[in-house]
Amino acid sequence: MTERHALYPGTFDPVTLGHLDILDRATALFDRVTVAVAEGGKATLFSLQERVALLQQSASHLDRCEIVSFSGLLVDELRRRRIGVVVRGIRSFHDYEHEWSMVGVNRVLLPGSEYVFLLARPELATISSSLVKDVARHAGDVAGFVPPAAAAALVERFAGDRL
Ligand code: COA
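Because the structure is a prediction, the values reported are computed rather than measured.

Describing the layout of surface pockets
Phase 1 of the analysis: Roughly 1,200 Å³ of volume is contained in the largest pocket.
Phase 2 of the analysis: Looking at the largest pocket, it is lined by 47 residues, and the ones nearest its centre are Gly10, Thr11, Lys42, Arg88 and His98.
Phase 3 of the analysis: Going through the elements one at a time, β1 (5–10), α1 (17–29), β4 (85–90), α4 (93–109), β5 (114–119) and α5 (129–137) are the ones with two or more residues in the lining of the largest pocket.
Phase 4 of the analysis: Among the elements that take part in the lining of the largest pocket, α4 stands out by supplying nine residues, more than any other.
Phase 5 of the analysis: A class-by-class count of the residues in the lining of the largest pocket yields 19 nonpolar, 18 polar and 10 charged.

Structure below.
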């Protein structure tokens, strides 16, 4: 039987408990999940290597899951890796609208590519990387929002600001 292989792309700046929940559930649905960390056009707090490392540390308990990085178009990464399915999490109508337009463009660029959306668990649906960074910047406790490796990295990143 053909292996069911999905790609889970994102900026992951940094990975949150919401992302990990989506990844966890995706690995239950697919034979293999490749998490693709986007180099990204937007300014990030953590470098590409740091974002990949935080995901590797945080998802080490998951089998059949690999963490990679990519630059350029998502559809080119799908082509390069011969993956036909993209997984994304949806937390709100706002996410839905954003995903809806990206899928529209990606389907034109790569006809036949499929997009699977997992609804965020309600208790995780308000988490976003920006809000978590804001809490950490002001010395708040982020343990309820991100995995331990990301929490430690955030504390370390903002420690200098408070000296
Ligand atoms: N739980 C918690 N947070 C979540 C989440 C979840 N389940 N799903 C999304 N988020 C958050 C992220 O933390 C992030 O928060 P922030 O804005 O506060 O930082 C936000 O939602 C969106 O981030 P991300 O998941 O990285 O999505 P994105 O909209 O930045 O898109 C790519 C990332 C990689 C999919 C997209 O930029 C891409 O495809 N890039 C390649 C270039 C390309 O092909 N462009 C054309 C696309 S049509």
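Having put the structure on the table, let's press on.
Considerations on the packing of aromatic side chains
Phase 1 of the analysis: For the structure on display, the rule yields one aromatic pair.
Phase 2 of the analysis: Look at Tyr8 and Phe12: their rings are 5.3 Å apart centre to centre, the planes differ by 85°, and that puts the pair in the edge-to-face class. Summarising the burial analysis for this pair, Tyr8 and Phe12 share the class buried.

Details of the pattern of salt bridges
Phase 1 of the analysis: As enumerated under the stated definition, the model contains 14 salt bridges in all.
Phase 2 of the analysis: With a shortest N-O distance of 3.3 Å, Glu66 and Arg32 are connected by a salt bridge. Of this pair, Glu66 sits in strand β3 (residues 65–70) while Arg32 sits in strand β2 (residues 32–38); the two residues are 34 residues apart in sequence, bridging distant segments of the chain.
Phase 3 of the analysis: A relative accessible area of 28% means that Glu66 is categorised as partly exposed.

Digging into the packing of helix α2 (residues 48–58) against helix α6 (residues 148–159)
Phase 1 of the analysis: Close contact between α2 and α6 brings their axes to 9 Å; oriented N to C, the two are set at 145°. Taken together, the residues of α6 that come into contact with α2 (itself represented by Glu50, Leu54, Gln57 and Ser58) are Ala149, Ala150, Ala153 and Arg157.

Some details on the side chain of Arg51
Phase 1 of the analysis: Mapped onto the elements, Arg51 comes out in helix α2.
Phase 2 of the analysis: Of the side chains bearing the opposite charge, Asp13 lies closest to the buried Arg51, which forms no salt bridge; the N-O distance is 4.3 Å.
Phase 3 of the analysis: Once you skip the residues sitting within four places of it in the chain, Arg51 turns out to touch Thr11, Phe12, Asp13, Val37, Ala38, Glu39, Thr44 and Phe46.

Here's the deal with the nonpolar core
Phase 1 of the analysis: With 35 residues, the main nonpolar core has Leu23 and Leu154 as its most contacted residues.
Phase 2 of the analysis: If you list the elements that add at least two residues to this core, you get β1, α1, β2, α2, β4, α5 and α6.
Phase 3 of the analysis: The biggest single contributor to this core is α6, with six residues.
Phase 4 of the analysis: Beyond its immediate chain neighbours, meaning those up to four positions away, Leu23 contacts Tyr8, Val33, Val35, Ala59, Leu62 and Cys65.
Phase 5 of the analysis: Counting residues in each nonpolar core, the second largest holds 13 residues, with Val68, Leu74, Val103 and Tyr115 among its members.

Re the environment of Thr44
Phase 1 of the analysis: Looking at the element boundaries, Thr44 is found in the loop between β2 and α2.
Phase 2 of the analysis: The sequence separation of Thr44 and Thr11 amounts to 33 residues, and the corresponding C-alpha distance is 8.4 Å.
Phase 3 of the analysis: If near-sequence neighbours (up to four positions away) are discounted, Thr44 is found in contact with Thr11, Asp13 and Arg51.
Phase 4 of the analysis: Polar contacts involving the side chain of Thr44 include one to the main-chain carbonyl oxygen of Phe46, which spans 2.9 Å.

A look at the site of the ligand
Phase 1 of the analysis: Surveying the vicinity of the ligand reveals 22 residues, the closest of which are Thr11, Leu74, His98, Ser129 and Ser130.
Phase 2 of the analysis: Arg91 places a side-chain nitrogen or oxygen 2.9 Å from an oxygen atom of the ligand.
Phase 3 of the analysis: For the ligand, the protein covers 80% of the area, taking 950 Å² as the surface of the free molecule.
Phase 4 of the analysis: Under a 2 Å grid-point criterion requiring more than half of the atoms, the pocket assigned to the ligand is the largest pocket.
Phase 5 of the analysis: At the level of secondary structure, the elements contributing two or more residues to the shell around the ligand comprise α1, α4 and α5.
Phase 6 of the analysis: Here the shell around the ligand gets four residues from one element, more than from any other, and that element is α4.

Rules used throughout
- Residues numbered from 1 in each chain as written.
- Predicted model: local features only at pLDDT ≥ 70, side-chain atom pairs only at ≥ 80, totals over all residues.
- Heavy atoms only, no water.
- 1 Å grid on protein atoms, 1.4 Å probe; cavity = no way out; pocket = protein on both sides within 12 Å on 5 of 7 lines; lining within 4 Å.
- Points joined across faces, edges and corners; volume = space filled by probe spheres on them.
- Helix = DSSP H or I, 4+ residues; strand = E, 2+ residues; numbered from the N terminus.
- Nonpolar A, V, L, I, M, F, W, Y, C, P; charged D, E, K, R; others polar.
- Phe/Tyr/Trp six-rings, centres within 6.5 Å; stacked < 30°, edge-to-face > 60°.
- Buried < 20%, exposed > 50% of the residue type's maximum accessible area, 1.4 Å probe, protein only.
- Salt bridge = Lys/Arg side-chain N within 4 Å of Asp/Glu carboxyl O.
- Axes fitted to C-alpha atoms, helices over the stretch in contact; angles between N-to-C directions.
- Contact = heavy atoms within 4.5 Å.
- Lys, Arg positive; Asp, Glu negative; His and termini not counted.
- Core = buried A, V, L, I, M, F, W, Y, C linked by side-chain atoms within 4.5 Å.
- Polar contact = N/O pair within 3.5 Å; in protein donor to acceptor, adjacent residues only side chain to side chain.
- Near = heavy atom within 4 Å.
- Areas by Shrake-Rupley, 256 points an atom, 1.4 Å probe, with all protein chains shown as cover.
- Sits in = over half its atoms within 2 Å of the grid points.

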